Structures are given as structure tokens and as C-alpha cells.
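Listed below are the residues making up each chain.
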Amino acid sequence: MAKLILKLGSLVLKEINLVTDSITIGRANDNDIVLDNQSASGHHAKIIKVANQYKLEDLNSTNGTFVNNNKVANKILKEGDIIAIGKHELWFVGENSESLENADLEKTVFVRSTATPSSNKTTTPSNPQPLSTPKPNIEKINSLKDNDTNIKIIAIVIVVLVLIVIGYILFK
């Protein structure tokens with residue numbers, strides 16, 4: 001089943017299965033995908049299923065709709081296309097993809113959905129929060145501790161050398 005992966009920066013906000021023949025995207029609450037962003041028009045774009053393909057159409061939006069950094073009026077979507085509307089990205093995952101593993105989602109944080117299971121509407125939270133805190137990198141922490149220790153040793157050596165020089169000058 002084809003799907004869209006809604007992202008804001010590096011945060012994955014929602015995975016939307018394309019189960020209907022038409023999906024609307026925009027800032028207005030009557031859209032299927034509501035984007036909480038002033039850069040998005042009220043009714044910004046829509047995706048229509050035509051045969052076995054999905055076609056993206058810009059709905060004369062103010063700031064435009066971009067696919068892979070190119071402004072488009074309409075475009076047949078291909079696996080891996082990235083739709084940009086304002087600060088949001090919608091990653092298109094085609095019919096043949098099984099899971100998020102096929103999308104390049106390295107270094108992303110997943111957040112809980114705010115939509116209820118019975119709701120077809122998707123809204124983006126105004127303040128998305130990560131599900132969990134990442135594990136600390138122990139090697140990096142240890143190397144920082146080693147750097148702190150090295151800095152302290154160098155400072156002590158410098159102080160001792162300065163005292164030796166001062167003592168040499170005073171007692172010469």
C-alpha cells in the first residue's frame with residue numbers, strides 16, 4: 001500500500017496510508033492532512049490516484065508545492081519523491097514498499113499521532129515531542145572526560161612551570 005511519511009525537520013510526525021483515491025493537504029481543518037504552518041495555503045495541494053499511479057496537484061497555493069526541490073504544478077509521484085510544503089515534507093513510499101525501512105529515515109525521531117483511530121484526518125502537532133530520549137554515547141562521554149582530564153593536567157604543568165620561572169627569577 002502506498003503511503004506518505006509526514007516530517008517536520010528531522011521529526012517524523014505521521015505515516016499516512018493512501019487508502020482513498022484523493023487526499024487533500026493544507027492549513028484548513030477540512031483537509032485530509034492538516035499542516036500547522038503559515039507557509040501552507042488553506043487548500044494547498046492534493047494527491048489523486050490515477051490507475052496505479054499517484055498524481056500530486058498544486059491547488060494554486062501561494063508559496064508553491066515542491067517535489068525533490070523543484071516547484072511543480074502537478075507531477076506523477078515516484079518511489080522516494082519528497083514533497084515540500086512550507087516547512088513540512090511528505091515522503092512518498094510507493095505501492096511495493098513494505099515498511100519505513102525502505103525510506104531513507106536515518107536519524108529521525110518518531111512521535112505519537114494526535115489523531116484518533118476512527119478519524120481520517122491527520123493534524124500536525126504545533127509542538128511535536130520525541131517518543132523517547134536517545135541513549136547516551138558512552139564512548140563520546142568517556143572521550144570528553146579524557147579531554148577534561150588532559151586539560152587539567154596541562155593547566156597544572158603550566159602553573160608549575162610558571163612558578164619555577166618566577167622562583168628562578170626571584171632567587172637568581
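An account of the accompanying structure is given in this report. For clarity, every value in this text was computed on a predicted model and none was experimentally measured.

## Remarks on the overall build of the chain
Along the chain, the regular secondary structure elements total one helix and 13 strands. From first element to last, N terminus to C terminus, the chain shows the α and β order β-β-β-β-β-β-β-β-β-β-β-β-β-α. Out of the 172 residues belonging to the chain, those deemed buried represent 30%. Long-range pairs, those at least 24 residues apart, make up 40% of the contacts in the chain between residues at least 6 apart in sequence. Carbon and sulfur atoms form 55% of the exposed surface of the chain, whose accessible area is close to 11,400 Å².

## Points about the pairing of strand 3 (residues 22–26)
The pairing of strand 3 with strand 5 (residues 45–50) spans four bridges and is classified as antiparallel. From the neighbouring strand, S22 faces strand 5, where its bridge partner is I48. One ladder, built from two bridges, connects strand 3 with strand 4 (residues 33–34); its direction is parallel. Paired with I25 across the bridge in strand 4 is I33.

## With respect to the side chain of S41
Looking at where S41 falls in the secondary structure, it is placed in the loop between strand 4 and strand 5. Each residue touching S41, except ones within four places of it in the same chain, is listed here: G26, R27, S61 and T62.

## So, the pairing of strand 1 (residues 3–8)
Across the six residues that make up strand 1, a large majority, five, are buried. As judged from the six bridges shared by strand 1 and strand 2 (residues 11–17), these two strands associate in the antiparallel manner. Paired with K7 across the bridge in strand 2 is V12. Pairing of strand 1 with strand 11 (residues 88–93), which is carried by six bridges, proceeds in the antiparallel orientation.

Rules of the game
Residues numbered from 1 in each chain as written. Predicted model: local features only at pLDDT ≥ 70, side-chain atom pairs only at ≥ 80, totals over all residues. Heavy atoms only, no water. Helix = DSSP H or I, 4+ residues; strand = E, 2+ residues; numbered from the N terminus. Buried < 20%, exposed > 50% of the residue type's maximum accessible area, 1.4 Å probe, protein only. Contact = heavy atoms within 4.5 Å. Areas by Shrake-Rupley, 256 points an atom, 1.4 Å probe, with all protein chains shown as cover. Pairing = 2+ DSSP bridges.

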